[in-house]
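# Architecture and fold: a report
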Amino acid sequence: MSTIGFIGLGNMGGPMAINLVKAGHRVLGFDLSDKAMAAHEAEGGEKAAGVADLAAAADVIVTMLPAGKHVRQIYEGEGGILENAKPGILMIDSSTIDVDSARAVSAAAEAKGMKMVDAPVSGGVAGAAGGTLTFMVGGSVEAFEAAKTYLDIMGKTIVHAGDAGTGQAAKICNNMILGISMIAVSEAFVLAEKLGLDKQKLFDISSTASGQCWSLTSYCPVPGPLPSSPANRDYQPGFAAAMMLKDLKLAQEAANSAGAATPLGAEAAALYSLFCNSGGETQDFSGIVKFLRGTS
Ligand code: NAD
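## Things to note about the pattern of salt bridges
- For the coordinates displayed, the defined rule picks out six salt bridges.
- Between Arg293 and Glu193 there is a salt bridge, and its shortest N-O distance comes to 2.8 Å. Taken together, the residues Arg293 in helix H14 (residues 288-293) and Glu193 in helix H9 (residues 166-195) connect sequence positions 100 residues apart.

What follows is the structure, given as structure tokens:
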């Protein structure tokens, strides 16, 4: 049994921490929200008084926070993890954040002799609750092997992507493909409607032709052809458009920082921004089809 410090007990972090409790670990939780702390305690977790106390007591620390600025503050800020943690400790940041922040925090941790991985996830709240998340992990082989023991409890697929920051890189590259391909598939359905081509016919043809992709065959953005897709339940998420926009913005930040040309990624970010601003923020990201049709 390890003493695990878990910071950020929100929609994702809350159930992830509880899976560690259920596996027999002592989990000291901390969150700014009293409600999140109470839920953690009600399920068998323990409350930490603050980041410094948690860091001093833990053998392993997991963070699941909204953005890079929160992660940098919690790790590098005054009274933060790096200042208070035991030497040689393992740290796992599963937040989705910008690559530059992930690399900076990891370098600061390594400079203090601590092991760290960036390990963002896919699989959403259902995957967090069910312990079936996919973790994309960046860090040394040694840190990856140490983290895998704990990631195996919270997830089903654990992939070592490479050095520090490559977990975040994998996440945003994948989601940039997803955002662009969802727009492409949605545009095709809107065009088919205007041309009098039945949506089921387009689905049947393209799902076995060269237009085949996950956005079409596993997450079809129009109701009917694929009963399990969010389109059939009025675009309830699923994966909210606001989350897609966050990841597309991170991809653009990374592209600018690294000097990569991603014109379709930029266009996808602009379209999701318009969709979110026009009320689509809390809808599933496949609802972009309504925006393209002019009916959102
Ligand atoms: P959330 O807003 O539900 O949870 C974040 C938690 O962090 C909140 O409870 C908040 O109070 C806490 N927090 C913020 N600042 C803090 C601080 N300084 N100290 C302690 N606690 C603090 O968000 P979420 O949906 O759980 O997402 C967490 C991360 O996971 C994000 O980076 C998100 O992009 C990523 N993610 C989310 C999903 C999803 O479906 N929700 C899927 C994949 C990845």
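## Some details on the nonpolar core
- Residues Phe6, Met16, Ile81, Met91, Ile92, Phe135 and Leu151 are the most contacted members of the largest nonpolar core, which totals 55 residues.
- Tallying contributions element by element places helix H8 (residues 141-154) first for this core, with six residues.
- Sequence-distant contacts of Leu151, defined by excluding residues within four places in its chain, comprise Ile92, Ala119, Phe135, Val137 and Ile158.
- Among the nonpolar cores identified, the runner-up in size contains 21 residues, and Ile183, Leu245, Ala251 and Leu271 belong to it.

## Comments concerning the domain arrangement of the protein
- You can read the domains of the protein as domain 1 (3-163) and domain 2 (169-293).
- The gap between the C-alpha centroids of domain 1 and domain 2 is 30 Å.
- The interface is formed by 11 residues belonging to domain 1 together with 10 residues belonging to domain 2.
- Between domain 1 and domain 2, a total of about 750 Å² is buried, with carbon and sulfur atoms accounting for 64% of that surface.
- Contact with domain 2 buries surface across domain 1, with Thr96, Val99 and Met136 losing the most and accounting together for 50% of the total.
- The tally of links from domain 1 across to domain 2 stands at zero salt bridges.
- There are four residue pairs in polar contact (both at pLDDT 80 or more) connecting domain 1 and domain 2.

## Focus: the site of the ligand
- In the vicinity of the ligand lie 21 residues, with Asn11, Met12, Asp31, Leu65 and Lys246 positioned nearest.
- Between Asp31 and the ligand, the recorded distance is 2.6 Å, taken from a side-chain N or O atom to an oxygen atom.
- Among the secondary structure elements, those contributing two or more residues to the shell around the ligand are helix H4 (68-76), helix H7 (124-130) and helix H12 (241-258).
- Looking at side-chain class alone, the shell around the ligand contains 11 nonpolar, seven polar and three charged residues.
- The residues that make up the shell around the ligand include at least three from each of domain 1 (3-163) and domain 2 (169-293).

Calculation criteria
- Residues numbered from 1 in each chain as written.
- Predicted model: local features only at pLDDT ≥ 70, side-chain atom pairs only at ≥ 80, totals over all residues.
- Heavy atoms only, no water.
- Salt bridge = Lys/Arg side-chain N within 4 Å of Asp/Glu carboxyl O.
- Helix = DSSP H or I, 4+ residues; strand = E, 2+ residues; numbered from the N terminus.
- Core = buried A, V, L, I, M, F, W, Y, C linked by side-chain atoms within 4.5 Å.
- Buried < 20%, exposed > 50% of the residue type's maximum accessible area, 1.4 Å probe, protein only.
- Contact = heavy atoms within 4.5 Å.
- Domains from an automatic or database assignment.
- Buried area = accessible area lost by both parts, 1.4 Å probe.
- Polar contact = N/O pair within 3.5 Å; in protein donor to acceptor, adjacent residues only side chain to side chain.
- Near = heavy atom within 4 Å.
- Nonpolar A, V, L, I, M, F, W, Y, C, P; charged D, E, K, R; others polar.

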